[in-house]
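Letter by letter, the chains look like this.
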Amino acid sequence: MVCVEVPEPAGDGVRVKIAAAGVCGSDLHLVELMPLAATLGHEFAGTLADGRLVAVEPYAPCRACADCLDGRPYHCQRGLQTLGLDRDGGMAEWCLVPESSVVLLPTGLDPAASALVEPVAVAVHAVRLAGDVSGMSTAVIGGGTIGLCALAALQAAGAASVDVVVRHNHQREATERLGGRADQSTGATWDVVVDAAGTEASLAQAIRMVRPGGRVVLAGTYWQGTVPLPAIELCMKEVRLIPSMMYGHDATSRDFDVAARLLVTRPEIAATLITHRFPLDAVAEAFAVARDRAAGSIKVILEP
Ligand SMILES: [Zn+2]
Ligand SMILES: [Zn+2]
């Protein structure tokens, strides 16, 4: 990982002066998988020319096709460009973003917390697709950023309880600080289980933990591509599998707006999740810290 000088962004779109950009687990995968086609960074916030703080939905959909209008801009029929993947993202001083992707933030959010709107929106979207969870027992597999955001989103949606399956001690502390439980009673089953880990083992565990007729939401990225399913158990229990992808909107609200409000209402989410902050030129160290989860990182933020 190196930080390089590039020309100022030019072309169509809105210039955002980046205040904070989060290092995502998918960034760690991307730098290993392929040569980068663009500047990384899909979790970022910054200011417009007039000083207003904004988050950015890191994609450039047409906003006019049937899928965009249905609230799934990530399925845009004209093809989707993603900022931080195939179009320059937010790990930079400036970023040029589509006007329709700019999300004005409510007052009360600081820039570092604003970089969390994107991962919280991932969780808000996953929980929205889960359907009604109010009064239900729920569980999350994975105590990283998406898992902890799912904890907060499930609480906001009225879940009676949220148990989080964690791997590390600092994830247990974060879970408890946010009002979740990190000790699963053996033999229990849950109405709704969110897989935020995205592995063969976590998917099997989610199917094992959910009650018959319950729902498993797939909120992590299954980087292996193909993952075996415990199909007999899945079918006998009639588990509903609900895949979730990025964020969009429903008839009444945009996932990014719901996420921003959640971060304003509960400042402890950002206080708990953001464990490290680095300047942009320390990007190599930032990625090393983000990669070493056993060393205590949850969300690492770059601040240009
Ligand atoms: Zn991400
Ligand atoms: Zn479209």
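In short, a report on the structure. (Residues numbered from 1 in each chain as written. Chains lettered and ligands numbered in written order. Predicted model: local features only at pLDDT ≥ 70, side-chain atom pairs only at ≥ 80, totals over all residues. Heavy atoms only, no water.)

**Examining the coordination of the zinc ion (ligand 1)**
In this structure, Cys24 (SG) and His42 (NE2) serve as the protein donors to the zinc ion (ligand 1), at separations of 2.1 to 2.2 Å. Residue Cys24 is located in the loop between β1 (14–23) and α1 (25–33), and its partner His42 is located in the loop between α1 and β2 (44–47); the two are separated by 18 residues in the primary sequence. For the residue pair Cys24 and His42, the accessibility class agrees, reading buried in each case. (Donors = N, O, S within 2.8 Å, 3.2 Å for Na, K, Ca; no water. Helix = DSSP H or I, 4+ residues; strand = E, 2+ residues; numbered from the N terminus. Buried < 20%, exposed > 50% of the residue type's maximum accessible area, 1.4 Å probe, protein only.)

**What about the coordination of the zinc ion (ligand 2)?**
Protein-derived ligands of the zinc ion (ligand 2) are Cys62 (SG), Cys65 (SG), Cys68 (SG) and Cys76 (SG), with the metal-ligand distances lying across 2.3 to 2.4 Å. Positions of the donor residues of the zinc ion (ligand 2) along the chain correspond to the pattern C-x2-C-x2-C-x7-C. For the pair shown, Cys68 and Cys76 are each scored as buried.

**Some thoughts on the pattern of salt bridges**
Tallied over the entire structure, the rule returns 16 salt bridges. Of the charged contacts, one joins Asp183 and Arg172 as a salt bridge, the two residues approaching to 2.9 Å between their closest N and O atoms. With Asp183 in the loop between α6 (169–177) and β8 (190–195) and Arg172 in helix α6, this residue pair connects regions lying eleven residues apart in the sequence. For Asp183, a relative accessible area of 53% translates into the label exposed. Through salt bridges that share partners, Glu57, Arg63, Arg254 and Asp257 make up one connected network. (Salt bridge = Lys/Arg side-chain N within 4 Å of Asp/Glu carboxyl O.)

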